[in-house]
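Listed below are the residues making up each chain.
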Amino acid sequence: MPLTNKIALVTGAASGIGRAIARNLADAGATVAVVDRNAEGAADAVQAIEAAGGKAVAFAADLGDAAAILQLRDDVVEQLALPDVIVNAAGFDRVEPFLNNDDALWTALVTVNYLGPVRLCHAFLTPIVAAEKTVKIINIASDAGRVGSMGETVYAGTKGALIAFTKSLAREMARYKINVNCVCPGPTDTPLFDTLPEKIRAGLEKAIPFRRLGTPEEVASGVRFFATADSDFVTGQVLSVSGGLTMAG
Ligand SMILES: NC(=O)c1ccc[n+]([C@@H]2O[C@H](COP(=O)([O-])OP(=O)(O)OC[C@H]3O[C@@H](n4cnc5c(N)ncnc54)[C@H](O)[C@@H]3O)[C@@H](O)[C@H]2O)c1
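What comes next concerns the included structure. Everything numeric in this text was worked out from a predicted model, so none of it was measured. (Residues numbered from 1 in each chain as written. Predicted model: local features only at pLDDT ≥ 70, side-chain atom pairs only at ≥ 80, totals over all residues. Heavy atoms only, no water.)

Some remarks on the packing of aromatic side chains
And step 1. One pass over the full model with this rule turns up three aromatic pairs.
And step 2. Taking the centre distance of 5.8 Å and the plane angle of 25° together, the rings of Phe-98 and Trp-106 count as stacked.
And step 3. Owing to a relative accessible area of 42%, Phe-98 belongs among the partly exposed residues under this scheme.
And step 4. Pairing Phe-225 with Phe-226 gives two aromatic rings, centres 5.3 Å apart and planes at 50°, and the pair type is tilted.
And step 5. Residue class for Phe-225 comes out partly exposed when judged on its relative accessible area of 36%. (Phe/Tyr/Trp six-rings, centres within 6.5 Å; stacked < 30°, edge-to-face > 60°. Buried < 20%, exposed > 50% of the residue type's maximum accessible area, 1.4 Å probe, protein only.)

Considering the site of the ligand
And step 1. Near the ligand you find 28 residues, and of these Ser-15, Ile-17, Asp-36, Tyr-155 and Thr-190 are the closest.
And step 2. Taking Ile-17, its main chain carries an N or O atom lying 2.7 Å from an oxygen atom of the ligand.
And step 3. Compared with its free state, where it exposes 830 Å², the ligand has 93% of that area covered by protein.
And step 4. Of all the secondary structure elements, the ones that give two or more residues to the shell around the ligand are helix H1 (16-27), helix H6 (153-173) and helix H7 (191-194).
And step 5. Taken together, the residues that form the shell around the ligand break down as 15 nonpolar, nine polar and four charged. (Near = heavy atom within 4 Å. Polar contact = N/O pair within 3.5 Å; in protein donor to acceptor, adjacent residues only side chain to side chain. Areas by Shrake-Rupley, 256 points an atom, 1.4 Å probe, with all protein chains shown as cover. Helix = DSSP H or I, 4+ residues; strand = E, 2+ residues; numbered from the N terminus. Nonpolar A, V, L, I, M, F, W, Y, C, P; charged D, E, K, R; others polar.)

As for helix H3 (residues 66-79)
And step 1. Here H3 contains 14 residues, and its C-alpha end-to-end distance of 20 Å stays within 8% of the 20 Å for a straight helix at 1.5 Å per residue.
And step 2. Among the residues of H3, those classed as buried are Ala-68, Ile-69, Leu-72, Arg-73 and Val-76. Projected down its long axis, H3 carries its buried residues within an arc of 145°, all on one side. Pointing more than 90 degrees away from the buried face of H3 are the exposed residues Ala-67 and Glu-78.
And step 3. Put simply, Asp-65 is the residue that caps the front of H3, since its side-chain oxygen is 3.0 Å from the backbone nitrogen of Ala-67. (Expected span 1.5 Å × (residues − 1). Arc of directions from axis to C-beta.)

All quantities given are derived from atomic positions and should not be read as evidence of function.
In structure tokens, the structure reads:
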């Protein structure tokens, strides 16, 4: 299996896309650090992986908290090891017109969706580079970050920032043979998508050339490519898994 003896850390792994990624990487042989602020959901995801014959350990952490990320790093190193794969999938959204937004929403979106991956990458890359190890980093952004999305203005901004961060970090990390890539889901059938108003959900589905939502497993397949040696010469790239919703050059 392509990830045998590898440690993969996946955030947001209690639910939806992160959970499917954790399962996919465990199926590929990795021992998965299942990270989420939802401790019960993380434990449930670990159970499901173990029931399928895989290996996983749950870590509860609020990725909106800088100190909690450093603690998470120390806990993962102590219980497993420095990861060989890091997937930043945790994130949230609240759809409403920009003019109805409040400052608390903007702060939370930037803190969790953008600074969360930034801080987590910094926390782990410092000891990984010092130890002359490598890691494959995959950030889960969104097609909203490539082409914009009504009612998700600041969410889209955090995802656009995550895409630019991915490309810049890829340039800085190349000298260490560290790959940094980005997967952009389009509308995907998860609990997060269910929180969108029905009118918006229907409109998004209609806009997808394949005329259906993506599945979390389809996003996970894209992530798996970036997690294995198959993508050793690929870095700073953005892959949309969105049924053709965006076809950016
Ligand atoms: N579902 C979609 O249509 C869609 C489209 C594009 C991008 N995305 C992105 O994919 C990722 C996963 O989304 P999903 O649809 O699976 O959502 P989800 O709500 O099903 O899962 C998100 C997970 O992240 C966790 N999480 C959120 N904030 C956290 C925090 N501060 N600390 C720790 N864990 C936290 C949640 O507890 C949850 O388990 C997100 O980054 C999202 O922006 C989703």
